[in-house]
Amino acid sequence: MTLNELEIGKTAKVARLLGEGPVKRRMMDMGLTKGTEVMVRKVAPLGDPIEITVRGYELSLRKDEAAKIEVSV
Amino acid sequence: MAKIKIALAGNPNSGKTTLFNDLTGSNQYVGNWPGVTVEKKDGILKGAKDVVIQDLPGIYSLSPYSLEEKVSRKFLVEENPDAVINIVDGTNIERNLYLSTQLAELGLPMVMAVNMMDIVKRNGDTIDFAKIAKALRCEVVGISALKGDGGLEAANKAVELAEAAAKAKKPGEVPHVFSGSVEHAIAHIEESIQGKVPARSIRWYAIKIFERDRDVIKDLGIGVGEMKHMEQHIRDCEKELEDDAESIITNQRYEFIKNLMDKALTKSEKRRNRLTISDRIDKVVTHRLLALPVFILTLCAMWWLAVAENGPGTLLTDWANDGLLGEDGWTIPFTQTVVPGVQSLIAAGLGKIGVGETVTSLVVDGAWGGVATVLGFVPVIFVVFIFLSFLEDCGYMARVAFIMDRLFRKFGLSGKSFIPMIVGKGCGVPAVMAARTIENKRDQRMTIILATFIPCGAKTVIIAMFASLFFRDMWYVAALMDVIGIAIIVLGGIALKKTRAFAGEPAPFVMELPAYHMPTATGIWRHTWNRLKGYILKAGLIIFPACVFLWFVMHFDFSLNLLGDEQISESILAAVGGWIAWLLKPLGFGTWQGAAASVSAEIAKEQATATLSLVAANMGGDSADANIVNLFASMSAFPKLAALSFMLFNLFVPPCMVAIAVTFREMGSKAWGWFAVGFQLFVGYVLAMSVYQIGVLVAGGGFGVWTAVAVLVDLWCVWMVVRPAKGVRA
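Residues numbered from 1 in each chain as written. Chains lettered and ligands numbered in written order. Predicted model: local features only at pLDDT ≥ 70, side-chain atom pairs only at ≥ 80, totals over all residues.

K.L.:
It is not clear to me how the overall build of chain A should be interpreted in this structure. Could you clarify?
P.N.:
Regarding its fold elements, chain A presents two helices and five strands. The C-alpha atoms of chain A give 11 Å as radius of gyration, which agrees with the globular expectation for 73 residues (11 Å, within 12%). Here chain A holds 73 residues, and 52% of them are scored as buried. Considering only contacts within chain A whose residues lie at least 6 apart along the sequence, 54% involve residues at least 24 apart. (Helix = DSSP H or I, 4+ residues; strand = E, 2+ residues; numbered from the N terminus. Rg over C-alpha atoms; globule rule 2.2 N^0.38 Å. Buried ≥ 20, exposed ≤ 12 C-beta atoms within 10 Å, placed from the backbone. Contact = placed C-beta atoms within 7 Å.)

Shown next as structure tokens:
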């Protein structure tokens, strides 16, 4: 399952990052590494982006960026 | 004595700018979301004349990908700072330490200032500084920048470390955060680059090469042959750990930090899973249904305060315009003392020293009249700026970018492009420059073209004047201008995106939503004053000479005869205005006065109001205000529509000269500069024309040639927005 498919309020662990290059690096820099716990806090009013809680802070990313993060529940 | 240079580095939202202000006492923005501090800023440490604090942009890492990171890296490795103060958000310490490990590897003397300790204590958490200091081989202290606690001590510690390092014979220790095989590979790389880099930073360079950082490899001039040798070690690690080098390094850094936090950070039990205040605020502010209404309400609140008939802004403005600066004078509250207005004081003063009527007119009506109009609206701008500063400092703006992102994505930008537009609420010049942070050239160009459609402070003066003269009972007209600005940005963006020049994949959007915090009064004041200062200075430096020039062309004809007030229609200004007035006829204000005011607005937008005031002052009668109203009545059978059209034209055509100059510079090419100007001129003209023509039609003024033209052009514009997008260009 990818992060954009995770329901609001649910927690999961990052399994793998599917992206590449600067975007992937950015996500890792922000703490989205293998084994990290993430929780989907909410979806923006217009349907995108989503807000997740990771390493104790709030991060927003687009659904198609979240689709590049494989998670395991 | 050589100056000691200390770099101040840390994540965005870690309180770095507050600390910087604390250490240097200089004025700075304290923006609570990424991208505000693009330029490097420096200042002198309080109480130490020869210590320079260099504020670096807020960064999350020292990777080679974003502009802020590149700027920071460049400074840290090329400019040889003597020490680093790494500011860390104590309430968000895990992610903050990610940068800290990288800074520590540079081998520079470092003090880690763990900020927001007051909140950490309040939450009931504890941080063991000694353990962190040992792990990262640096000094660690706790501070609370907001409270002014501990910042100066941290800076002085950094100075001490710098002086000690200068005397030491060998470089300080750097932390080792990686696993066996990675450390092994790094050691090999270090051997290979011995002598090519300063000894103290060799580890940082080696790690970068391990990550295959292209910028570093290029800067060090590492040839293909040398690289092949190091490649072998890197590939061995990648095979063993089943991951690519960059990911290995990032993962291991975070693992190291996690282990460190297990030992050094104790979180209070009772806080777990409880919603913080920020979360609760966000429940409303980014709520699926409530978010947009809340945002619009916020804008309305701002405009109500600023220009509503009985609101504080208008009351202050009326007092400033007529009482304080004008002719009426005002009574000091609770007393019987009447203070004459500045205008009457000047006139009286000149009379006393026997100055003739003409020069008095020049000074009083011309120069002072114009400048006073601009200064008189400072209360309105003041209210708007205070409001904006509060919203930025408390953290709301990041939420706005979050909410708006989907909309911006429709035309290939991100919610981050909203940032220049918010800055544009103050002034278009820094707004256009703020687009620098957008890496994608195409996105940057589009943002530059669209950013100035949000009414800036100077345009606000126009809104304020017209609101008070024509729309007193309709305060929402002011808010409407903002809404129209946003609508133009969205629709204009969609239309541009569909053209071949701008089509393509949208830029990524990974953004932190920092916790809300109550801004300090000093912080808001500094923020507001910075912007306000610019306006008041502009009044002196640009508008004053412009008013003098305008007075001249209003009072002289081409043969340079001095004209009486009633002869103004024979003046140079009237003549030149007349030549171009016919271009503005379809917009409802096609007279020399309307033309002169609009053209003068290109010097500085608020000049339009100053010019109108000057013209009004020379129309005789008692009240300049009434004159302006009559002026519009003479231009059109529908004066309110003409006034609205005038506002729309001046708000949405190209910005003032300075902003246009900056646009050309930031675009980097004359062709793009002209495109931007052309696009903006088209939008402003068509909008004003459409509103006027269709408004006249609706008001019963009949259907004319120009009504038809307006409708046709509008239909074309609608087509440009709704047509299907062409195939996406890679």
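K.L.:
Help me out: how do you make sense of the overall build of chain B in this one?
P.N.:
Within chain B one finds 32 helices and eleven strands. Here the C-alpha atoms of chain B give a radius of gyration of 30 Å, agreeing with the 27 Å that 2.2 N^0.38 yields for 730 residues. Dimensions of chain B, computed from the C-alpha atoms along their principal axes, are close to 90 × 65 × 55 Å. Evaluated residue by residue, chain B yields a buried proportion of 51% over its 730 residues.

K.L.:
I would appreciate a short explanation of the interface of chain A and chain B in the present structure.
P.N.:
By a widely used convention, the size of an interface equals the accessible area lost when the partners come together. The interface is formed by 28 residues belonging to chain A together with 29 residues belonging to chain B. Mapped by element, the contributors of at least two residues to the side of chain A that touches chain B are α1 (21-29) and β4 (57-61) of chain A. The element contributing the most residues to the side of chain A that touches chain B is α1(A), with seven residues. Classifying every residue of the side of chain A that touches chain B gives twelve nonpolar, five polar and eleven charged. Here β4(A) runs beside strand β11 (residues 510-513) of chain B; their pairing, made up of four bridges, is antiparallel. Along β11(B), the bridge assignment pairs A:Leu59 with B:Glu512. (Nonpolar A, V, L, I, M, F, W, Y, C, P; charged D, E, K, R; others polar. Pairing = 2+ DSSP bridges.)

K.L.:
What is the right way to look at α1(A) in this model?
P.N.:
Because an α-helix packs 3.6 residues into every turn, residues spaced three or four apart end up facing the same way. Listed in full, the buried residues belonging to α1(A) are A:Lys24, A:Arg25, A:Arg26, A:Met27, A:Met28 and A:Asp29. Looking at the buried residues of α1(A), the elements they touch are β1 (11-17) and β5 (69-72) of chain A together with α3 (93-105), α11 (245-264) and β11 of chain B. A:Gly31 sits one or two positions beyond α1(A) and adopts a positive phi of about 105°.

K.L.:
What's the story with the packing of helix α22 (residues 457-470) of chain B against helix α29 (residues 639-652) of chain B in this structure? I'm lost.
P.N.:
The relative placement of two packed helices comes down to the angle between their axes together with the axis-to-axis distance. Residue and element names in this part refer to chain B. Orientation of α22 relative to α29, taken along the N-to-C sense of each, is 175°, at an axis distance of 10 Å. Judged by the angle between their axes, α22 and α29 are roughly antiparallel. Across the interface between the two elements, Lys459, Ile462, Ile463, Phe466 and Phe470 of α22 pack against Lys640, Ala643, Met647, Asn650 and Leu651 of α29. In the contact of α22 with α29, the residues fall into seven nonpolar, one polar and two charged. (Axes fitted to C-alpha atoms, helices over the stretch in contact; angles between N-to-C directions. Parallel < 35°, antiparallel > 145°, perpendicular 65-115°, else oblique.)

K.L.:
For this particular structure, what's the right way to read unusual backbone geometry?
P.N.:
With the exception of glycine, the majority of residues adopt a negative phi angle, and the majority of peptide bonds are in the trans configuration. The omega torsion of the bond from A:Asp48 to A:Pro49 falls at -5°, within 30 degrees of zero and hence cis. Topologically, A:Pro49 is positioned in the loop between β2 (37-43) and β3 (50-54). Here the phi dihedral of B:Asn13 falls at roughly 65°; this positive angle occurs in a residue that is not glycine. Along the chain, B:Asn13 falls in the loop between β1 (4-10) and α1 (16-24). With a phi close to 55°, B:Arg137 is a non-glycine residue in the positive phi region. Mapping B:Arg137 onto the fold places it in the loop between α5 (129-136) and β7 (139-142).

K.L.:
Please explain the sheet that holds strand β2 (residues 41-44) of chain B as it appears in this structure.
P.N.:
What links the strands of a sheet is backbone hydrogen bonding, and the strands pair in either a parallel or an antiparallel sense. Residue and element names in this part refer to chain B. Spatial strand order, β2-β3-β1-β4-β5-β7: six strands in an open sheet with mixed pairing. At either end of the open sheet lies a strand with only one pairing partner, and these are β2 and β7. On average, each strand axis in the sheet is inclined to that of its neighbour by 25°, with strand direction left out of account. Judged from the four bridges that link them, strand β5 (residues 110-115) and β7 form a sheet pairing that is parallel. Bridging across to β7, Val114 finds its partner in Gly142.

K.L.:
Please clarify how the environment of B:Ser181 should be interpreted in this entry.
P.N.:
Residues and elements named next belong to chain B. Relative to the helices and strands, Ser181 resides in helix α7 (residues 180-193). Look at Ser181 and you get partly exposed, because 15 C-beta atoms sit within 10 Å. Sequence-wise, Ser181 and Cys237 are 56 residues apart; in three dimensions their C-alpha atoms are separated by 6.4 Å.

K.L.:
Sorry, what's going on with helix α10 (residues 224-241) of chain B here?
P.N.:
Residues and elements named next belong to chain B. The terminal C-alpha atoms of α10, which comprises 18 residues, lie 25 Å apart, in line with the 26 Å expected from a rise of 1.5 Å per residue. A maximum bend of about 30° is found in α10 at Met230. Lining the buried residues of α10 we find α7, α8 (202-210) and α11. (Expected span 1.5 Å × (residues − 1). Bend = angle between axes of the 7 residues up to and from the residue.)

K.L.:
Mind showing me how you'd approach the pairing of β1(A) here?
P.N.:
Where a strand is regular, its side chains alternate between the two sheet faces. Residues and elements named next belong to chain A. In terms of strand pairing, β1 meets β2 through three bridges, oriented antiparallel. Residue Ala12 lies in a different strand from β2, and its bridge partner there is Val38. In the sheet, β1 pairs with β5 via four bridges, with the strands oriented antiparallel. If you follow Lys13 over to β5, its bridge partner there is Ser72.

K.L.:
It is not clear to me how the sheet that holds β1(A) should be interpreted in this structure. Could you clarify?
P.N.:
Taking strand neighbours across the sheet as the criterion, the six strands line up as β5(A)-β1(A)-β2(A)-β3(A)-β4(A)-β11(B) in an open arrangement whose pairing is antiparallel. Because the sheet does not close on itself, it has two edges, and the strands there are β5 of chain A together with β11 of chain B. The sheet shows a mean angle of 45° between the axes of neighbouring strands, taken without regard to direction. Contacts from α1(A) reach β1 and β5 of chain A together with β11 of chain B, with the element oriented near 140° to β1(A).

K.L.:
Would you mind going over the environment of B:Leu260 with me for this structure?
P.N.:
All names here are of chain B. If you trace the backbone, Leu260 turns up in helix α11. Exposure remark for Leu260: the 22 C-beta atoms within 10 Å place this residue in the buried category. Distance in space between the C-alpha atoms of Leu260 and Lys131 is 7.8 Å, their sequence separation being 129 residues. Excluding anything up to four places from it in sequence, Leu260 contacts Lys131, Ile132 and Ala135.

K.L.:
Just to check I follow, could you spell out the environment of B:Ser414 for this structure?
P.N.:
Examined against the element boundaries, B:Ser414 turns out to sit in the loop between α18 (396-409) and α19 (418-423). The sequence separation of B:Ser414 and B:Asp443 amounts to 29 residues, and the corresponding C-alpha distance is 8.8 Å.

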